[in-house]
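# Coordinates in review
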Amino acid sequence: MIVTRSWLNEWVDLSNISTDELVKKFNSIGLEVDSISTYEVPKKIVFGRVLECKKHPDADKLNICLVDIGTSTRQIVCGASNVRAGLDVVVATIGAVMPNGITIKPVKLRGVESEGMICSAKEIGLEEMNAGIIELDSSIGSYALGEEVCENPIFSDDLIEIELTANRGDCLSIRGIARDLCAAYDKSLKEEKTEENDDKRIGIGRILSLSHENHLNVNLLYKAVDLKDLKLPFIVKLRLAQIENTKESDIESLMHYATHSSGVILRAYDHKFFCTKDEILAKVSLCQDKNGYASIMTKDNKKASTVGIIQEDASKVKLENGVVLIEASYIPPDIISKKMQEVKMISGPMYYRTSRGSEPELDIGLSYCIAALESNSASSFFGGTIELGDLHEDKIISVSKKEIDEIIGANIDKLKITKILKNLGFDTTKSSANNFVVSVAKFRHDISNKQDIVEEIVRLVGIDNIPSKPFSFTEENKLKDDYFTYKKKSQYRHKAAYSGFFESVHFVFDEKRVLEQYGFETVEDAKELLNPIVNTLDTLRSTLLTGLLRAASNNSKNGYLSVKLFEVGSVFNPQREESMKMAMLFSGDRESQSLSNAGKPLKIDFGFFVQKISNIIGEFELREYKTTHSLSHPFQSAQIVVENEVVGELFRVHPDVEDSYDLDITYMCELDFSKLPSGLKTAKNSSKYQASYRDLSLVMPKEMHYEKVKSVIEESSVEHLVRFYPVDKYSDESLGANISLTIRFILQSMEKTLEEEDMTKSMQSILDALKDKLGITIR
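What comes next is a walk through the structure.

Cut-offs applied
- Along each chain, residue indices are assigned from 1 in the same order as the chain's sequence is written.
- With pLDDT at 70 or above as the cut-off, local features in this predicted model cover only qualifying residues; side-chain atom pairs require 80 or more to be listed or tallied, and sums for whole chains, interfaces and linings still use all residues.
- Excluding hydrogens and water, the side-chain figures rest on all heavy atoms present in the structure.
- Segments assigned H or I by DSSP are reported as helices when at least four residues long, segments assigned E as strands when at least two residues long, and all are numbered from the N terminus.
- Atoms considered for the radius of gyration are the C-alpha atoms alone. The globule rule reads 2.2 Å times the number of residues to the power 0.38.
- Burial classes: relative accessible area under 20% of the type maximum marks a residue as buried, over 50% as exposed, and values in between as partly exposed (1.4 Å probe, protein chains only).
- When checking whether two residues touch, look at their non-hydrogen atoms; a contact exists if any pair is within 4.5 Å.
- Positive charge is attributed to Lys and Arg, negative charge to Asp and Glu, and no charge count is given to His or to the chain ends.
- Taken as the charge location is NZ of Lys, CZ of Arg, CG of Asp or CD of Glu.
- Paired strands, as defined in this entry, are two strands with at least two bridges between them according to DSSP.
- To define axes, lines are fitted to C-alpha atoms, for helices over the stretch in contact only, and angles between the resulting N-to-C directions are given on a 0 to 180 degree scale.
- Pairing of aromatic side chains here covers Phe, Tyr and the six-membered ring of Trp, requires ring centres within 6.5 Å, and sorts the geometry by plane angle: under 30 degrees stacked, over 60 edge-to-face, intermediate tilted.
- In this scheme, the term charge over a ring applies when either NZ of a lysine or CZ of an arginine sits within 6 Å of the ring centre and within 35 degrees of the ring normal.

## Observations regarding the overall build of the chain
Secondary structure summary: the chain contains 18 helices and 35 strands in total. For 779 residues, the compact-globule formula gives about 28 Å, and the C-alpha radius of gyration of the chain, at 50 Å, lies well above that figure. In terms of overall dimensions, the chain has C-alpha extents of about 155 × 70 × 60 Å along its principal axes. Counting the 779 residues in the chain, one finds 47% classified as buried. Here the contacts in the chain between residues at least 6 apart in sequence split such that 69% fall between residues at least 24 apart. Counting 97 positive and 119 negative side-chain charges, the chain places the averaged centre of each group 1 Å from the other.

Set out below in structure tokens:
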């Protein structure tokens, strides 16, 4: 997007702002400046006026001109075809150094003295506008003959090229850029709406009618002009050359100039194109063409233009005089872009603007264009306008003050936020104390959510004015309960496998008869399976044990002398509520036959199986327990306790059950999987000093449980006692109703190697506690 400082100044007051400041402001509000060019017309080039112009006697293409340069009148020989008497021109006087390095000197051209040069735009460093010399007019402002051209702001202008992102279609015009500057500088946009006196004018309805199809999302505004003697002013020609947008006809050039300035898409149509023979009423129709594009058509279905895309050559104005229809149009960018993707067609120069978002305030652009026509032609205008306006729903976005501060990372004053939004053209009148209800300006097609609103606030506050803070990464933990359950299950499965067990997987169904036979709960009849796949799988299982027994039996029948199986799976209570359990089975030999055991390995026993389970789930305690089912041996069963919580049961399978399944000695364990520990392990300090072992053989009643003894020892809190455990049990006739229980104590200090006196003191504390509370003494 190309702008000049003088052109911007027509829409916003920049008198107290330097170009350097302007460029910095552009960059700070997100309008990145790509390049800057400054026009510097050399000294001694002045404004002049051609007083006389006559042909050179010895050269057909040369003219001898008498030029008033304010301080004197000079004779200058000029070869430009457009030089004539009465023309205000730019004159390079004697001694001027031109941009190409040539110094102007008095010369003779075909025998005639020439004291200077009448200049073209290119010769003084401007863009080439036409083939002749510069023809000055009032469009450059006031000037005096003899005044140096470089003193005039139009000739000492700054051209700024801005790199716009695709979403900023609202800035594809001088007015759009100025609107952003007004918001940044808290200035008012210059807008002069002309008031027309239509009382003595012929109404536009006499020469134009508009019909249309509904729901095409197109806005149109028409004005009619009886065009006469249009002459483009110097400043329009210069600016069109600067933006590299010169056109064949003056009226078409003026349309492009007004479009670039106001942002409104403007077209000029030949009135006669829409009229049939001998008619003066132009019948314009807005309808869809065969490809679904909104198009301007004649009564005879000849296309004049495709709205927002291209104008047909046949409808363009070719004559310098006659009735012309000026059209201002708007179509939403998303509609036109989507349609172009669906059905490709050749586009004109205006499509770039419409596809990114042109200016929807049509009256602004049309008024600007009409004012330019009035100033630069003898044209007359028809009264009134013809308008087609499609209903527009305001885009409403709500965002709280708290959300704005959290996204920005700084506390922005509410009044400042309100002012910024107002300056941007957003309506905030419906906002409450801590919540902004923003009605987005129609020209801001890129604003669709609260993040966009916050971005606009940051843009105008200035990223450099927001205090820097370190990054804070507060990403939500995406690991849910399912993941941790899976991880825990995976860990215990691997531990079981490392301990030599093989995983067994079964259906969640079981045979109800077998479960009831061994005393297990079964699902209530009302919640039972309606259509079991087979009779032996007619209910949801309430235990993993029966499935493991069947699997072990099959392995035993296949000749395996040692069977080690485990399973982690779902079980169901009578209310059909699901839970997860883990079960292990060890049957037969402890190990494979080998040379070390002479081919006769020992059978699995209670202690060995307990150690295997400990390898999988870690430390636990056993409590005397009788199971509620009949799979277990009546005298070899126990509860498993982890951190004072019962997590399951461990037992030898009843000999009758072993026989029924053709199994050798078999031990089983079933655990509540949800109660098994799975948290992070905490490292503890260990002593670097030697540990000492002491055994005590205690005489205690046969009926007394070890739990009582253990509880008393723990409660005594003996210094240096690390742990203790029973190692031997003995009874004979001499002990009568008592037994001898040997307990091993491990003593260790974090500070020193224990001496005999320290150990004796600790052991005596234990004996005193046992004697006082349980009446137990050493053997």
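Having seen the model, we can carry on.
## Thoughts on the pairing of strand 18 (residues 322-330)
In terms of residue burial, strand 18 counts as a mostly covered element, since seven of its nine residues are buried. The pairing of strand 12 (residues 219-227) with strand 18 spans nine bridges and is classified as antiparallel. Counterpart to K223 in the pairing with strand 18 is I326.

## Some details on the sheet that holds strand 1 (residues 2-4)
Within the open sheet, the three strands sit side by side as 1-10-2. Their pairing is antiparallel. A single partner strand is all that each edge strand has here, and the edge strands are strand 1 and strand 2 (32-38). Here the average twist between neighbouring strands, direction ignored, is 25°. Here strand 1 pairs with strand 10 (residues 158-163) via three bridges, running antiparallel. Among the inter-strand pairings, V3 is bridged to a residue of strand 10, identified as I160.

## Points about the packing of aromatic side chains
Considering all chains together, one arrives at 15 aromatic pairs under this definition. Relative to F234, the ring of F155 has its centre 5.5 Å away and its plane inclined at 20°; by these criteria the two rings are stacked. You can see F155 sitting in the loop between strand 9 (117-118) and strand 10 and its partner F234 sitting in helix 4 (residues 234-242), a full 79 residues away along the chain. The exposure class assigned to F234 is buried, which follows from its relative accessible area of 2%. Ring geometry for F273 and F274: centres 5.3 Å apart, planes at 90°, overall edge-to-face. Taken as a pair, F273 and F274 share a single burial class, namely buried. An aromatic cluster is defined as three or more aromatic residues linked by ring pairs; in this entry it consists of W7, W11, Y257 and Y368. Sitting above the plane of the F273 ring, K302 keeps its charged end 5.1 Å from the centroid. Sitting over the face of the ring of Y492, K495 holds its NZ or CZ atom 5.2 Å from the ring centroid.

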